[in-house]
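# Examination of the molecular architecture
Listed below, chain by chain, are the residues.
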Amino acid sequence: FWGAEVKSGQPLSVQPGDDMVLHLSQASLGEVKKDKASEPVCLSVTIDGKKLVLGTLSLDKLPQQQFDLVFDRDFELS
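I will try to describe carefully the structure that is included in this document. (Residues numbered from 1 in each chain as written. Predicted model: local features only at pLDDT ≥ 70, side-chain atom pairs only at ≥ 80, totals over all residues. Heavy atoms only, no water.)

## Some words on the nonpolar core
Counting residues in each nonpolar core, the largest one holds 13 residues, and the members touching the most others are L24, L54, F71 and F75. In this structure L24 touches L54, F67, D68, L69, F71 and L77, once residues within four positions along its chain are discounted. (Core = buried A, V, L, I, M, F, W, Y, C linked by side-chain atoms within 4.5 Å. Buried < 20%, exposed > 50% of the residue type's maximum accessible area, 1.4 Å probe, protein only. Contact = heavy atoms within 4.5 Å.)

Following this line, the structure appears as structure tokens:
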């Protein structure tokens with residue numbers, strides 16, 4: 001099992017390693033400051049120089065989202 005916290009404005013570089021894959025299955029919001037509670041959070045991945053939006057999390061509407069994504073090369077979450 002692998003888990004990581006991706007903080008706002010601080011992209012996370014992920015390197016699955018040779019002959020390895022990483023299965024991204026879920027994203028969820030962590031603690032949210034009261035003054036930022038109503039702001040949506042955009043989750044994206046950058047791979048091979050292309051940035052793709054995976055979804056938008058919202059504390060009251062969609063605090064977590066499930067995926068079924070498999071990565072076999074380095075990528076960046078933000």
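## Considering the sheet that holds strand 6 (residues 75-77)
Across a sheet, strands are paired by hydrogen bonds formed along the backbone, either parallel or antiparallel in direction. Ordered in space as 1-6-3-4, the 4 strands form an open sheet in which the pairing is antiparallel. At either margin of the open sheet sits one strand with a lone partner, and together these are strand 1 (12-14) and strand 4 (50-57). Strand-to-strand twist in this sheet, taken as the mean axis angle between neighbours without regard to direction, amounts to 20°. Relative to strand 6, strand 3 (residues 41-47) is paired through 2 bridges, and the arrangement is antiparallel. Bridge assignment links T46 to a residue of strand 6, and that residue is E76. (Pairing = 2+ DSSP bridges. Helix = DSSP H or I, 4+ residues; strand = E, 2+ residues; numbered from the N terminus. Axes fitted to C-alpha atoms, helices over the stretch in contact; angles between N-to-C directions.)

## A look at the pairing of strand 3
Direction of pairing for strand 3 relative to strand 4: antiparallel, over a ladder of 7 bridges. Residue pairing in the sheet places V45 in a bridge with L52 of strand 4. Linking two consecutive strands that pair antiparallel, namely strand 3 and strand 4, is a turn of 2 residues; a positive phi of about 55° is found at D48 within it.

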